[in-house]
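Fold and contact review
Residue-level listing of the chains:
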Amino acid sequence: MFLLFRIAKRFIALLLLLIIIVPLYAMGHIYLTARSAKPVSSGAIVVLGAAQFDGKPSEVLQARLVEAREIYMKGLAPVLVTVGAGAAGDRTTEAATGFHWLKKSGVKLKNLISLPQGRDTLAETQSYAATLKKKGISSVIIVTDAYHCLRAMTMAKDQGLKTSCAPAKTGPASTDNSGFRYLVRETGAYLAYVTVGRHGIHLSDQIKN
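The sections below set out a description of the structure shown in this document. (Residues numbered from 1 in each chain as written. Predicted model: local features only at pLDDT ≥ 70, side-chain atom pairs only at ≥ 80, totals over all residues. Heavy atoms only, no water.)

Re the overall build of the protein
- Within the protein one finds 6 helices and 7 strands.
- Its helices and strands in sequence order give the protein the pattern α-β-β-β-α-β-α-β-α-β-α-β-α, from N to C terminus.
- Across the 209 residues in the protein, those meeting the buried criterion constitute 47%.
- A sequence separation of at least 24 residues applies to 72% of the contacts in the protein between residues at least 6 apart.
- On the protein, roughly 11,600 Å² of surface is accessible, and the fraction owed to carbon and sulfur atoms is 62%. (Helix = DSSP H or I, 4+ residues; strand = E, 2+ residues; numbered from the N terminus. Buried < 20%, exposed > 50% of the residue type's maximum accessible area, 1.4 Å probe, protein only. Contact = heavy atoms within 4.5 Å. Areas by Shrake-Rupley, 256 points an atom, 1.4 Å probe, with all protein chains shown as cover.)

Examining the pattern of salt bridges
- Taken as a whole and judged by the stated rule, the model has 6 salt bridges.
- In this structure, the salt-bridge partner of R64 is D145, at a minimum N-O distance of 2.8 Å. Within this pair, whereas R64 is found in helix α2 (residues 59-73), its partner D145 is found in the loop between β6 (139-144) and α5 (149-158), the two being separated by 81 residues in sequence. Across the pair, D145 and R64 agree in class, each one buried. (Salt bridge = Lys/Arg side-chain N within 4 Å of Asp/Glu carboxyl O.)

Observations regarding the side chain of T33
- Inspection of the secondary structure assignment puts T33 in helix α1 (residues 2-36).
- Side-chain polar atoms of T33 contact the backbone oxygen of H29, separated by 2.8 Å. (Polar contact = N/O pair within 3.5 Å; in protein donor to acceptor, adjacent residues only side chain to side chain.)

Some points on a nonpolar patch on the surface
- A cluster of nonpolar residues, I20, I21, L24 and Y25, forms a patch on the protein surface that exposes about 460 Å² of accessible area.
- Tracing the backbone through its elements, the reader meets L24 in helix α1.
- Given the relative accessible area of 54%, L24 is considered exposed. (Patch = residues over 30% accessible without salt bridge, like charges linked within 9 Å, V, L, I, M, F, W, Y side chains within 5 Å.)

Concerning the packing of α2 against helix α3 (residues 94-104)
- Where α2 meets α3, the axes come as close as 11 Å, and the angle between the chain directions of the two elements is 45 degrees. Relative to α3, the element α2 is oriented oblique. When the axes of α2 and α3 are compared, the crossing they make is right-handed. Of α3, the residues touching α2 (which contributes L61, Q62, L65, V66 and R69) are E94, T97, G98, W101 and L102.
- When grouped by side-chain class, the residues that make up the contact of α2 with α3 number 5 nonpolar, 3 polar and 2 charged. (Axes fitted to C-alpha atoms, helices over the stretch in contact; angles between N-to-C directions. Parallel < 35°, antiparallel > 145°, perpendicular 65-115°, else oblique. Left-handed = near helix turned anticlockwise from the far one by under 90°. Nonpolar A, V, L, I, M, F, W, Y, C, P; charged D, E, K, R; others polar.)

This is the structure we're talking about:
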């Protein structure tokens, strides 16, 4: 009986240790990725969706679009993709809003793709990954918030794409402005994906096959 008690005590201690260590490790990984992420020459630039207001980009989306245009003008990729659906009642989508902003900002129409699908990162990733693969594009630069880079890149890699990230340098979601709350929230979202979400995708693929 005493031996069982000791084993249970050690098991509980180990479990508590994992509950503390795993989130801290993930948080550190997210933080370091946000600080070190840099775009590399790729087949396409993808701007992940963020809120828009009747066709006007929110501050978060605006910061991503500015970053994407800068990368495009440097010649790091020949194609620019905007992605993201609209919320209930919206007259337009996040993808369309970004598309028109980039077109007005000097990006050639033939180099723009708008994909109005997805209300979350995973759905957006699946949408643009499928489209780019059909076009023979296997590498992307993801433009998003700094603390979002790791999760966005992980999802893209799981879809079979080579990826780098270009975090928006300005706006309320930049590392200078977003604060610790965003980092904590993103840590939870990242852990939820790698522990549950990723396996759900693989299970769904197996069922389809």
